[in-house]
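# Overview (structure and organization)
What follows is the residue order along each chain.
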Amino acid sequence: MFDVIVRGGLVVDGSGTPGFRGDVGIKDGRIAAVGKVEGEARTIVEAGGRVVAPGFIDPHTHFDVQLLWDGAARPALEHGVTCIVPGNCSLSLAPIRAPDRQRVVGMFQQIEEMPPEAFTTAFDWNWEDFAGYRAAIEKSLSINVAPLVGHSVIRLWVMGPASQERAATSEEITAMQALLRECLDAGAVGLSTSFVDVDENGRPVPSRFAQFEELDALSAVLGEYGRMLQVVPEFYATDITIARIDQLAELSLKHNIPTTFSPLFDTMAVPDNATRAIARVEEHFARGARVWPQMQTRPIDISFSLLRPSLFFARWPRWVRVLRQPLDARETALRDPETVAKLIADTGPDGGEHSMGRLIARGGDACPPELVGKTLSEIAKIRGQAPAQALIDLSLENGLDVAFLSASQGHQMTDRIGPMLANDLVHIGASDGGAHLSSFSTYGDTGYLFSEFVRKAGAMSLEKAVAKITGETADIWGLKDRGRLQPGLAADVVVFDPEHIGRGEERPAFDMPGDGMRYVRSAEGIDTVLVNGEVAYTAGAYTDARAGKVCV
Amino acid sequence: MSEAVIVSAEIVAGHDGSAELLVRLRHPNGVEGPIVLDEETGLKLMRNCGATHVDDLAGQSWRRILEEN
């Protein structure tokens, strides 16, 4: 008697080999049989016409806080993600001494854009060490979690405020090594660090004050455990990124550890950015180093409102001058007919139809609901105005708090990105799930991989795409129990419709603590998700299953 | 004193969904390379350079980014 049989689907097992018609039998949370499975089961999941694959693994998220009240990391799980890696970019929620909490909260808010209530009312913060954090999230997980520990919080624990002021002494480095060992023993899957991030006051996060000797010493500890080093390099400059790739390669070889850096994205403004980085990675892999670049699937959008100056307007000097002014003066200028006439004229003889017409009004702010999702061109026609005039007036009518989206402004060239994602040395990830909450949705990237790069572009086979976000990801991170449909492994399974899986439409949701807003995408084409053998999501709804684990 | 000079600039999409300023620099040794500035820093550079358009940045000293005003 099986607990579950997933019957009659196209089994794509995460190895990259061709799929085959068959069944998957599950017992005691593990895959018990794959192929023609005979016998009975308490639950039958009919998968005819569907793909049956290992649950997807998302290697770059910031769900650290959300997991404390939402063990499914919604909506990640409904998109087929059964294992997430939080704690990226040098920040985790442990180890942190109680007096240091507020300092770290500021850093988290800078990255995640999480409302303050998330830290004050949503959970009882009763731990300091990593084991305590693990215990706190393990109470109600329905998704698996492979948590990184953040370099910045390790540094803060050992050095206090000096962690954001100076290099560490040898004694402090030794103390950090001991603390990292304690975290790895408690279930951390590796260490994250950042050369880029800042706190809420614009100050570099603690990890950025580390000298190479410190990173080298911490990497030595990772080597004792064979664990991952995750890095945010100076991705704004290709040459510096390549220098970091070289540095990671040396650490990988010296300490025999896997390393990964993120983000790496394509931009036509620097067309050789990604290709140069990948070429450097290939050189280092040939030497035996492991330096995995993480590349996201989704394109990058620009969003802005008139509440603060945006470089979106940098092509129009008059707009920049007006929007740079203090709020009161800015509103006065935007109400002045003579100024507005000049602003509109600047956008072109068509009143901004060509330059602004495709902007999309976003929800989640003060935008009237009936206009959400419409283009500025459509809104202008409704109002009987030129697009630029409509943008100004609509903003003024709503306290300037109307956000507009300029879609697919970067990392958008499918024909360039597809082959990069298909490269065996490129790690698909960098979703940032759980971060940038009020700016854009960080969910559904796995669905976009199938809709855009498998179905539409044919950049890789279905089997290759599945392997990239399951078996290969598990191998990269050393998650030995996950990523493939093989007898004996954990039964993380997703059943999806290969013709309809997608990332879903972006929409605002007010489900954060304190009714805080975030942008989300609901799943498309996902039938059923099992985590450790239990159905966690099916027929468009989450179940009460709480079978998620901290897995390493 | 030889110093890096801005060759060109353009607006690009940033990783975090903001508009950013990509500045291409020519260094004293003749090498050219790009660097991307976040929104706040990009606007500060334009202000320091008295630029009303990104094209106005061409020819300006990269050192202007250090100015406080």
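Residues numbered from 1 in each chain as written. Chains lettered and ligands numbered in written order. Predicted model: local features only at pLDDT ≥ 70, side-chain atom pairs only at ≥ 80, totals over all residues.

## A word on the overall build of chain A
Within chain A, the regular secondary structure consists of 18 helices and 23 strands. Computed over C-alpha atoms, the radius of gyration of chain A comes to 24 Å, within 12% of the 24 Å expected from 2.2 N^0.38 for 552 residues, which places it in the range of a compact globule. If one aligns the C-alpha atoms of chain A with their principal axes, the spans along those axes are about 75 × 60 × 50 Å. Counting all 552 residues of chain A, 56% fall into the buried class. Taking as baseline every contact in chain A between residues at least 6 positions apart, the subset at least 24 positions apart corresponds to 75%. (Helix = DSSP H or I, 4+ residues; strand = E, 2+ residues; numbered from the N terminus. Rg over C-alpha atoms; globule rule 2.2 N^0.38 Å. Buried ≥ 20, exposed ≤ 12 C-beta atoms within 10 Å, placed from the backbone. Contact = placed C-beta atoms within 7 Å.)

## Brief notes about the overall build of chain B
Each helix and strand in chain B was counted, giving one helix and three strands. The order of α-helices and β-strands along chain B, N terminus first, is β-β-β-α. What you see for chain B is a C-alpha radius of gyration of 12 Å, in line with the 11 Å of a compact globule of 69 residues. Its C-alpha atoms give chain B principal-axis dimensions of roughly 35 × 25 × 20 Å. Burial analysis of chain B (69 residues in total) assigns 39% to the buried set. Restricting to contacts in chain B with at least 6 residues of sequence separation, those with at least 24 account for 33%.

## Overview of the domain arrangement of chain A
Residue and element names in this part refer to chain A. What the domain assignment lists for chain A is domain 1 (56-299 + 411-474 + 484-514 + 523-537) and domain 2 (302-408). Placing the centre of domain 1 and that of domain 2 at their C-alpha centroids yields a distance of 35 Å. Facing the six residues of domain 1 at the interface are four residues of domain 2. The residue makeup of the side of domain 1 that touches domain 2, split by class, is three nonpolar, two polar and one charged. (Domains from an automatic or database assignment. Nonpolar A, V, L, I, M, F, W, Y, C, P; charged D, E, K, R; others polar.)

## Considerations on the environment of Leu191 of chain A
All names here are of chain A. Topologically, Leu191 is positioned in strand 10 (residues 190-194). Taking the number of C-beta atoms within 10 Å as the measure of exposure, Leu191 has 30 and is therefore buried. It is 20 Å that separates the C-alpha atoms of Leu191 and Asp481, two residues lying 290 residues apart in sequence. Setting aside residues up to four positions removed in sequence, Leu191 forms contacts with Leu148, Val149, His151, Leu180, Leu218, Leu222 and Leu229.

## Considering the environment of Leu22 of chain B
Counting through the fold element by element, Leu22 of chain B comes out in strand 2 (residues 19-26). For Leu22 of chain B, a count of 21 C-beta atoms within 10 Å puts it in the buried group. A sequence separation of 14 residues divides Leu22 of chain B from Val36 of chain B, and the C-alpha atoms of the two residues are 4.3 Å apart. Once residues lying within four places of it in the same chain are set aside, the contact partners of Leu22 of chain B are Ala269 and Val270 of chain A together with Ala9, Glu10, Val12, Pro34 and Val36 of chain B.

## Concerning helix 14 (residues 387-397) of chain A
Residue and element names in this part refer to chain A. Within helix 14, burial applies to Pro387, Ala388, Ala390, Leu391, Ile392, Leu394 and Ser395. Those residues of helix 14 that are buried are in contact with helix 10 (327-335), helix 11 (337-346), helix 12 (353-356), helix 13 (376-383) and strand 16 (404-410). Within two residues after helix 14, Gly399 carries a phi angle of roughly 65 degrees, on the positive side.

## Observations concerning the interface of chain B and chain A
Of the residues lining the interface, 23 residues belong to chain B; the matching set on chain A comes to 29 residues. Mapped onto the side of chain B that touches chain A, the elements with two or more residues apiece are strand 1 (5-13), strand 2, strand 3 (32-37) and helix 1 (39-48) of chain B. Residue composition of the side of chain B that touches chain A, grouped by class: twelve nonpolar, seven polar and four charged.

## Quick word on the pairing of strand 13 (residues 291-295) of chain A
Residue and element names in this part refer to chain A. Across the five residues of strand 13, five count as buried, placing the element largely inside the fold. Of the two faces of strand 13, the one lined by Val291, Pro293 and Met295 and the one lined by Trp292 and Gln294 are each fully buried. As judged from the three bridges shared by strand 12 (residues 259-261) and strand 13, these two strands associate in the parallel manner. Within strand 13, the residue paired with Phe261 across the bridge is Pro293. Where strand 13 lies against strand 17 (residues 427-428), two bridges are found, and the strand directions are parallel. Residue Met295 lies in a different strand from strand 17, and its bridge partner there is Ile428. (Pairing = 2+ DSSP bridges.)

## Description of the environment of Arg330 of chain A
Residues and elements named next belong to chain A. Mapped onto the fold, Arg330 is located in helix 10. With 86 residues separating them in the primary sequence, Arg330 and Arg416 have C-alpha atoms 41 Å apart. In this view, Arg330 contacts Val322, Leu323 and Gln325; residues no more than four positions away in its chain are not counted.

## Considerations on the nonpolar core
Residues and elements named next belong to chain A. Within the largest apolar cluster, 195 residues are counted, with the highest numbers of intra-cluster contacts made by Ile143, Leu180 and Phe404. Three or more residues apiece are contributed to this core by two domains, here domain 1 (56-299 + 411-474 + 484-514 + 523-537) and domain 2 (302-408). Ignoring any residue separated from it by four or fewer positions in sequence, one finds Phe404 in contact with Ser303, Phe304, Ser305, Leu359, Ile360, Ala361, Arg362, Leu376 and Leu391. (Core = buried A, V, L, I, M, F, W, Y, C linked by C-beta atoms within 7 Å.)

## What to know about the confidence of the model for chain B
Residues and elements named next belong to chain B. Confidence along chain B averages 90 in pLDDT terms, with 97% of residues attaining 70 or more. Taken element by element, the predicted model of chain B shows its lowest mean pLDDT in helix 1 (90) and its highest in strand 2 (94). Prediction confidence for the complex, expressed as pTM and ipTM, is 0.93 and 0.80 respectively. (pLDDT = per-residue confidence, 0-100.)

## Notes on helix 8 (residues 273-286) of chain A
Spacing of three or four residues puts side chains on the same side of an α-helix, whose turn is 3.6 residues. All names here are of chain A. Compared with an ideal rise of 1.5 Å per residue, which puts 14 residues at 20 Å, helix 8 spans 21 Å between its outermost C-alpha atoms and is within 8% of the ideal. Looking at the buried residues of helix 8, the elements they touch are helix 7 (238-255), strand 13 and helix 15 (414-422). Residue Gly288 follows helix 8 closely and has a positive phi angle near 105 degrees. (Expected span 1.5 Å × (residues − 1).)

## Here we look at the sheet that holds strand 3 of chain B
All names here are of chain B. With respect to topology, three strands assemble into an open sheet ordered 1-2-3, the strand pairing being antiparallel. What marks the edges here is a single partner per strand, and that holds for strand 1 and strand 3. Strand-to-strand twist in this sheet, taken as the mean axis angle between neighbours without regard to direction, amounts to 25 degrees. Sheet topology note: the strand 2/strand 3 ladder contains six bridges and is antiparallel. Looking at strand 3, one finds that Leu25 is bridged to Gly33. Sheet contacts for helix 1: strand 2 and strand 3; angle to strand 2, the most-contacted strand, approximately 55 degrees. (Axes fitted to C-alpha atoms, helices over the stretch in contact; angles between N-to-C directions.)

## Thoughts on the sheet that holds strand 16 of chain A
Residues and elements named next belong to chain A. With antiparallel pairing, the three strands of this open sheet are ordered in space as 14-16-15. Of all the strands in the sheet, the pair left with one neighbour each is strand 14 (300-304) and strand 15 (360-361). Strand direction decides the pairing type here: strand 15 and strand 16, joined by two bridges, are antiparallel. Along strand 16, the bridge assignment pairs Ile360 with Leu405.

## Structural notes on the packing of helix 13 of chain A against helix 14 of chain A
Residue and element names in this part refer to chain A. It is the contact of helix 13 with helix 14, at a shortest axis distance of 8 Å, that shows an interaxial angle of 85 degrees. Taken together, the axes of helix 13 and helix 14 lie roughly perpendicular to each other. Along its contact with helix 13, which presents Leu376, Ser377, Ile379, Ala380 and Arg383, the element helix 14 presents Pro387, Ala390, Leu391 and Leu394. Each residue belonging to the contact of helix 13 with helix 14 can be placed in one class, and the counts come to seven nonpolar, one polar and one charged. (Parallel < 35°, antiparallel > 145°, perpendicular 65-115°, else oblique.)

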